Amino acid sequence: MCYFYALVILFLSAACATVEKPNGGPADRTAPQMAAAVPADSSVNFGSNRIILEFDEYVKLNNPNSQVIINPFPKEKPEFSVQGKKVKIELKDSLLPNTTYHIFFGNAVQDITENNPASGLDYVFSTGSFLDSCSLSGFAGDAFTNRFTDKAWVMLYRSLSDLRDTLPVYIAHVNDKGAFRFRNIAPGTYYLCALEDNNSNFRFDVPDERIAFVNEPFTLSAEKNTVDSANLYLFSEKSKIQKHLKTEMIHYHTVRSSFRMPLENPQITILNKTTETTFEWNEKKDSVIFYVKGKEADSLKYIIRDGSFSDTLAQVLKYKGRQKDFSTDTLLKLASSAVFEKIIPGENFFLTCTIPIESWDTSKIIFSLNKDTIPVSFKKADEYGRRWQLSQEFKPGDNAVLIIKKGAATDIFGYKNDSTKISFRMVPESELGSMQIDLMNLPGKPLIVSASSKENTYTMVSPAEKGQIIFQNMLPGEYEMKIIVDENGDGEWTPGVFDQRLQPEKVFTMPRPVQVKKSWESKLGWNLAY
């Protein structure tokens, strides 16, 4: 009987026990290694339509259709499958004779435990009696910033015009640092292009796709089988078709419409006949702001025409956005032109606002200069009343305080400001620095030179023959430097045009920021050789 009770207790104890996963050791960080291949890697006289790769552990496939790259680029993608430790590749496209093929797997092959990818895995074979060994490598970046891109496909073509409607001969993808490399290329002449392919068809056929191309071909041969530093700089072409981009509320009864390109001679017809609506264009004429008066107004509707372009647009005024209710956003907000409460010698002080100011009550403004209270006045500094200059001259070292009481300013809707206090000082030259840039290998075109920090941006247009540029009275800080070679002299950077084989205007950038210190002239040399 005791024996029976002992068995029952043992059984119940086992039934109530918790089954836990045994504690493992450190995480598996080892990538799968290829142990064998059939046919063997680097085979010649290849005649199979199936490749089997065997690994040293169980593996899985991660999106092989986008990860795996085959060169020369096939018209029909192969099929991939996995079974245990084996990856099978079924070649659907007929193979070209006497051709070297290179399969690069990216991160497609991973182990099944920790998803470690077999990075750098590739497989090479030739349908002829030898393996081609030519290579081409380089970097792909942004044409305006010179920063690398990690989204571009890089392609080799027999003809540059093939980028529009023909699949490439060879294809590669940049890595996370913008670098690319073609290996096992056959000798020949190739045109190099890059594409951020929005519709995944490896053709430049969508207007917003970013592209890069080299006008002159590269020739690879037994004597010159390697090309490196074949750099590409991507850009988006300027659109040739006008388009309305967005209409949005930006303040109480204030609507902004934006367009893809500047308009030449825009004509606006307001369809709301019962309200008074005014509008203003920005300097580039690619956006317009409407001010709709009348509390009873509930919408804006208008027609815009510019040559062959025409559109009818509308915006509800009683609109509640994600962060604010525009139907009650009536407070007139004032902003100071002083950067971190500083203005530099030669600058004036301005107040800016989103809504045009209709009138000032200066009795509600207290202005002190070096602790002395003095009368204040503002003068309109733009056509509409959104920018106002303080009518006061300043000397280096002056300290100013502007106390604007509630109701000192009234906007065109009749709403007023809240109380605000603005302090600023004119920085003496002893607290400022300067920068001298000596240019070498001038390109013979006007240069747009800019120095940008977190606080400020200084821009200067330099004549084609001028070899020295000096920025005076700069706030101390670190500055990112940029020079645009203004080929067409329009005062701004111009992207390329593929069909005309026009490259984007060249942009030079410094690899590191330039330090500007107070009471110090920073000097640097800059080689503008292409």
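Our structure is the block above this text.
Within each chain, residue numbers correspond to sequence positions counted from 1 in written order. The predicted origin of the model limits local features to residues at a pLDDT of at least 70 and limits the giving and counting of side-chain atom pairs to 80 or more, whereas totals for whole chains, interfaces and linings rest on all residues. Calculated side-chain values reflect all of the structure's heavy atoms, with hydrogen atoms and water omitted.

(A) Region of the structure containing the overall build of the protein chain. Within the protein chain, the regular secondary structure consists of three helices and 44 strands. Note on method: radius of gyration uses C-alpha positions; expected globular size equals 2.2 Å times residues raised to 0.38. What you see for the protein chain is a C-alpha radius of gyration of 33 Å, clearly larger than the 24 Å of a compact globule of 530 residues, by over 25%. Along the longest, intermediate and shortest principal axes, the C-alpha atoms of the protein chain span 95 × 95 × 60 Å. A 1.4 Å probe rolled over the protein chains alone gives each residue an accessible area, and that area as a share of the maximum for its type sets the label: buried under 20%, exposed over 50%, partly exposed in between. Every one of the 530 residues in the protein chain was classed for burial, and the buried ones make up 44%. Working definition: helices are DSSP H or I runs of at least four residues, strands are E runs of at least two. Numbering for both runs from the N terminus.

(B) Region of interest: the environment of E492. As for its position among the elements, E492 is in the loop between β41 (477–485) and β42 (507–509). According to the relative accessible area criterion, E492 is partly exposed, its value standing at 36%. Separated by 25 residues in sequence, E492 and G467 place their C-alpha atoms 20 Å apart.

(C) Fine view of the pattern of salt bridges. One speaks of a salt bridge when a side-chain nitrogen belonging to Lys or Arg is within 4 Å of a carboxyl oxygen belonging to Asp or Glu. Enumeration over the complete set of coordinates arrives at 15 salt bridges. Linking K293 and E276 is a salt bridge whose minimum nitrogen-to-oxygen distance equals 3.8 Å. Residue K293 is located in the loop between β23 (287–292) and β24 (299–306), and its partner E276 is located in the loop between β21 (267–270) and β22 (277–281); the two are separated by 17 residues in the primary sequence. The partner of D329 in a salt bridge is K333, and the shortest N-O contact between them spans 3.2 Å. Overall, K333 belongs to the partly exposed group, its relative accessible area being 44%.

(D) Inspection of the nonpolar core at higher detail. The criterion is simple. A nonpolar core is a set of buried Ala, Val, Leu, Ile, Met, Phe, Trp, Tyr and Cys residues joined through side-chain atoms within 4.5 Å. By size, the foremost hydrophobic cluster in this structure holds 32 residues, and its most contacted members are F349, F378, F394, L402 and F424. Breaking this core down by element, the ones donating at least two residues are β23, β29 (357–360), β30 (365–369), β33 (387–390), β34 (399–404) and β36 (420–426). Between two residues, a contact is recorded if the distance between any of their heavy atoms is within 4.5 Å. With residues near it in sequence (within four places) discarded, F394 still touches I343, F349, F367, L369, A400, F424 and M426.

(E) Molecular detail of the pairing of strand β39 (residues 457–462). As paired strands, strand β38 (residues 447–452) and β39 are joined by six bridges and run antiparallel to one another. For S450, the partnering residue across the bridge sits in β39 and is T459. Here, any two strands with at least 2 DSSP bridges between them count as paired. Taken together, β38 and the strand that follows it, β39, pair antiparallel across an intervening segment of four residues.

(F) Examining the state of the cysteines more closely. Defined by distance alone, a disulfide is two cysteine sulfur atoms within 2.5 Å. With the rule as written, the count across this model stands at zero disulfides. Here C134 stays free of any disulfide, with the sulfur of C193 as its closest cysteine sulfur at 19 Å.

(G) Structural context of the side chain of K482. Among the secondary structure elements, K482 is positioned in strand β41. Distance and chemistry together define a polar contact, namely a pair of N or O atoms within 3.5 Å, with one atom able to donate a hydrogen and the other to accept it when in protein, and with adjacent residues in sequence counting only for side-chain atoms on both sides. Polar contacts involving the side chain of K482 include one to the main-chain carbonyl oxygen of F144, which spans 3.4 Å. Aside from chain neighbours lying at most four places away, what touches K482 is F144, T145, I448, V449, S450, V507, F508, T509 and W526.

(H) Local environment of the packing of aromatic side chains. When the centres of two rings from Phe, Tyr and Trp lie within 6.5 Å, Trp using its six-membered ring, the rings pair. Their planes under 30 degrees apart give stacked, over 60 give edge-to-face, and anything left gives tilted. Considering all chains together, one arrives at 25 aromatic pairs under this definition. Seen in terms of ring centroids, F144 and W493 are 5.2 Å apart; in terms of plane orientation they differ by 55 degrees. Their pairing is tilted. Taken together, the residues span a long stretch of sequence, with F144 in the loop between β10 (134–142) and β11 (153–157) and W493 in the loop between β41 and β42 at a distance of 349 residues. The partly exposed category is assigned to F144, whose relative accessible area is 31%. Centroid distance W360 to W388: 5.8 Å. Interplanar angle 80 degrees. Geometry classified as edge-to-face. Remark: W388 occurs in strand β33 and W360 occurs in strand β29; sequence separation between them is 28 residues. Both residues of the pair, W360 and W388, count as buried. Chaining the aromatic ring pairs together yields one cluster made of F46, Y101, Y123 and F125.

(I) Broad picture of the sheet that holds strand β40 (residues 468–474). The strand order β40-β37-β44 describes an open sheet built from three strands, whose pairing is mixed. Strands at the two margins of the open sheet, each flanked by one partner only, are β40 and β44 (521–527). Strand-to-strand, the axes of this sheet are offset by a mean angle of 15 degrees, without reference to chain direction. As paired strands, strand β37 (residues 433–440) and β40 are joined by five bridges and run antiparallel to one another. When the sheet's bridge partners are listed, G433 is paired in β40 with M474. Fitted lines through C-alpha atoms give the axes, limited to the stretch in contact for helices. The angle between two N-to-C directions lies from 0 to 180 degrees.

(J) Just unusual backbone geometry, in detail. For the bond from V38 to P39, the omega torsion is -10 degrees, close enough to zero to count as cis. On the secondary structure map, P39 appears in the loop between β1 (34–38) and β2 (50–55). A cis amide bond links N71 to the next residue, P72, at an omega of -5 degrees. Secondary-structure assignment places P72 in the loop between β4 (69–71) and β5 (79–83). Positive phi, close to 60 degrees, is recorded for K285, a residue that is not glycine. Along the chain, K285 turns up in the loop between β22 and β23. Within the chain, R501 stands out as a residue other than glycine whose phi angle is a positive 60 degrees.

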